[in-house]
Every structure is written in structure tokens, then in C-alpha cells.
Amino acid sequence: MASIPSDLPTAFCFSGQGSQYFHMAAGMMQSQPVFRQWMEIGDAIVHRAEGFSPLAIIYDKARGKHEAFDQLEHSHPALFMVQFALAKQVQALGLRPDLLLGMSLGEFVAMSVAGMIPFETALLVIARQPRVFDSTVAPGALIALLASPAEIAAVPGIEKIAEIVGVNGARHCVLACLEAARADVTAALDRAKIAHQRLPVPFAFHSRWIEGAKDRYLASVADLRLETPFWPAWSSRLAAPVHRADPAHLWQIVRGPMRLRETVAAIEAQGGAHYIDLSPTGTIAAILGQDATKGPSRRTALLSPFGKDSARLDSLMALT
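Predicted model, so just to flag it, every value in this text is computed and none were measured.

Enquirer: Describe the overall build of the protein chain, and please don't skip the residues or the numbers.
Expert: Looking only at helices and strands, the protein chain features 14 helices and ten strands. At 19 Å, the protein chain has a C-alpha radius of gyration in line with the 20 Å of a compact globule built from 320 residues. Surface accessibility of the protein chain: about 13,300 Å² in total, with carbon and sulfur atoms responsible for 53%. Once the 29 positive and 29 negative side-chain charges of the protein chain are each reduced to a mean point, those two points are 2 Å apart.

Next up, the structure:
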């Protein structure tokens, strides 16, 4: 088994909405005590503040992995908790990050792991966000595409009913649209023979269609104060590390486009990294495998809907 070059920086990677599923990280809950402890701490915080148990919802035996985990008030804190707890588990085994990379909601995880926002504060901000959007914007959708921005732009009329809100790889993008327009969007993509998949997300995040939530969102984070990070926390919105995060930046995390490909290119220009994907699906590692990482860079995904999470963790620690 090959080892990772010792001079290669370690980058913890965190994803956003769309990567969640029921029973995510179930193997970690069963076998990794630090992961389970942080999940239980987060569960108690959310239960006390919001009146429901994320753990009961994530690991509901009546739900299958194939079912859409699309209730934002549940999936938002669940995604945050799983990724934060996994970062703590990896750290407890002796692997420390040299930098953190967050995408969308994952930026909040990265900032919290970096020490910029206390765990409880960040989790409560995330848990309260769904109410902001429920009361201010129309239902929408995010659609993942296997196509380049140029191919998408060439679809007749697509710019009137959808926006490219994420460029993750050379041929991996995300579109946003209103729910009312989704059938027209998918029909146009089908005609253009562009492979696509709807993500389990109920709003058109990162697009003009959530602009109506701006004032309430800014009010909800107005009192948040962020500390200096322990490690560089890279924002896929800025394609650069976050040095100061004010409410305006926190709004842009959900309103502005995701620029994962540009962000990774900037990290690669500094010599690359070993990207440890802590997202539930391993999507970031898969995207990086398409075209983003060259030279000595490596990528490792720990979680998968197909299980064997603890075995992957053991393999990672053997590499390091």
C-alpha cells in the first residue's frame, strides 16, 4: 500500500446540501467513539433548541438510503453534524489538517473545525437557517449535470429559466431553478442529451431566486463574531482562504456561485494537497478525480452510501 508523500499538506473537505442520505455514516456511529460522542452532543443541542432529534431522523430504521432526505430543517443540521464529527474522529486518531476546504454549507463546517465559530454556535445558526428560506422564497431545485458550462449555455432558452450556480469540474456543474420551472429545465436538458440528476434540496440556493431571503438571513447572523482560524479555511465561494468573515460573506456562501474548480486550482498552484473528503457521499473526491488534481496530489473519500466507512478510515490511517 503506497503512502502519502510526507510533505503533502492535508486538506479536510466538506460539502453542502445535496450530499445527504438516511443512515449516512452509520458504520462510524457503531464503531468510532469520538464520532458518536460529537453526534450525540450535536443531537442534544438541536433537540433542546429545535425540538427534534437529528439522530432519530438520520438513523430512522423505517427510512431507506434511496429515499430523498430533503426536509431542509432536518438535513441542514444533520449534514453539519456528520462532517464536523468525522473531522473530530480523524483528528483524534492523529491526523491534523493543514487547510480546510468548504463548499456551500460545508464552509460553515470548515470555519467551525478551524476554530472560527464554536461548534454549538455554528450548529444553531445552521439549524435555524431553514426557517429563513421557508418564509421568504419560493420552492426551487438544484440539478447536478455532467456537462461543461459551455455545453449548458448552448441549450436553447436555458438562461431564462435556470442559472449555473456551481462549476465543480471540467464537466460537472450545478444548475438552480424554481420548482415551477423544473420540468421545463429537465426537458431542455434531455433534448440536449445532458445527463442530470436532481439533488435533494428544496430551494434554488446560490441563485437570484433566493434574493428575497437576504434581509432576514443577514439579521439572523448579525451578532455572529468569527475568530482567527487555526488553519486556513478555504472558501469555494472566494476561491481563497477566509481571513475575515462578516455577515455579508456568510450571505454570499448561500447566495453566490460555488467555485470549487477554481478553488482547487488555486490550492494546486501552491503545490497541491492530500484531499480528505469528509462529505457523506465522497462527491468532492470523485470530482477532483476528473481533472482537478495533478502531480503529487491525492484524494481519499471516507464515507459512502455503500458502507464500509470504518474500513476506509483504517486504510487512511495506514497510509499516514
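Moving on from the model shown.
Enquirer: Describe the pattern of salt bridges, with residues and values.
Expert: Following the criterion strictly, the structure yields eleven salt bridges and no others. Ionic pairing is found between Glu50 and Arg131, a salt bridge with its closest N-O pair at 2.6 Å. Taken together, the positions of Glu50 in helix H2 (residues 33–50) and Arg131 in helix H6 (residues 119–134) put the pair 81 residues apart, joining distant regions of the chain. Classification of Arg131 as partly exposed rests on a relative accessible area of 44%. Through salt bridges that share partners, Glu50, Arg128 and Arg131 make up one connected network.

Enquirer: Lay out the environment of Met111 with the relevant residues and their values.
Expert: In this fold, Met111 is placed in helix H5 (residues 105–113). Note on Met111: relative accessible area 1%, which makes it buried. Those residues in contact with Met111, other than ones at most four positions away along the chain, are Met116, Ile117, Leu226, Ala245, Leu250 and Ile253.

Enquirer: Quick rundown of unusual backbone geometry? Include the residues and the values.
Expert: The backbone phi angle of His23 is positive, close to 70°, even though this residue is not glycine. Classification of His23 by relative accessible area gives buried; the value is 17%. Residue His206 is not a glycine yet carries a positive backbone phi of 70°.

Enquirer: Before we move on, could you go through the packing of H2 against helix H4 (residues 72–92) and cite the residues and values that matter?
Expert: Where H2 meets H4, the axes come as close as 8 Å, and the angle between the chain directions of the two elements is 150°. In the crossing of H2 with H4, the sense of the turn from one axis to the other is right-handed. Contacts between H2 and H4 involve Pro33, Val34, Phe35, Trp38, Met39, Gly42, Asp43 and Val46 from the first element and Pro77, Met81, Val82, Phe84, Ala85, Leu86, Lys88, Gln89 and Ala92 from the second. Its residues assigned to classes, the contact of H2 with H4 shows 13 nonpolar, two polar and two charged.

Enquirer: Tell me about the environment of Ser148, and please be specific about residues and values.
Expert: Within the secondary structure, Ser148 sits in the loop between strand S3 (140–145) and helix H7 (149–153). The class for Ser148 is buried, based on a relative accessible area of 15%. As for Ser148 and Val167, which are separated by 19 residues in sequence, their C-alpha atoms are 8.2 Å apart. When near neighbours in sequence (up to four residues on either side) are disregarded, Ser148 contacts Ala170, Arg171 and Cys173.

Enquirer: Please give an account of the side chain of Ser235 that cites residues and values.
Expert: Tracing the chain through its elements places Ser235 in strand S7 (residues 233–235). Once residues lying within four places of it in the same chain are set aside, the contact partners of Ser235 are Gly102, Glu107, Ala240, Val242, His249 and Thr263.

Enquirer: Which residues make up the sheet that holds strand S8 (residues 240–241), and what are the values?
Expert: Hydrogen bonds along the backbone pair up the strands of a sheet, which may run parallel or antiparallel. Reading across the sheet, the six strands line up as S8-S7-S2-S1-S9-S10 and stay open at both edges, with mixed pairing between neighbours. The open sheet has two edge strands, S8 and strand S10 (298–301), and neither has a second partner. Taken together, the four bridges between strand S1 (residues 10–14) and strand S9 (residues 274–277) define a ladder with parallel strand orientation. Residue pairing in the sheet places Cys13 in a bridge with Asp277 of S9.

Conventions adopted
- Residues numbered from 1 in each chain as written.
- Predicted model: local features only at pLDDT ≥ 70, side-chain atom pairs only at ≥ 80, totals over all residues.
- Heavy atoms only, no water.
- Helix = DSSP H or I, 4+ residues; strand = E, 2+ residues; numbered from the N terminus.
- Rg over C-alpha atoms; globule rule 2.2 N^0.38 Å.
- Areas by Shrake-Rupley, 256 points an atom, 1.4 Å probe, with all protein chains shown as cover.
- Lys, Arg positive; Asp, Glu negative; His and termini not counted.
- Charge placed at Lys NZ, Arg CZ, Asp CG, Glu CD.
- Salt bridge = Lys/Arg side-chain N within 4 Å of Asp/Glu carboxyl O.
- Buried < 20%, exposed > 50% of the residue type's maximum accessible area, 1.4 Å probe, protein only.
- Contact = heavy atoms within 4.5 Å.
- Axes fitted to C-alpha atoms, helices over the stretch in contact; angles between N-to-C directions.
- Left-handed = near helix turned anticlockwise from the far one by under 90°.
- Nonpolar A, V, L, I, M, F, W, Y, C, P; charged D, E, K, R; others polar.
- Pairing = 2+ DSSP bridges.

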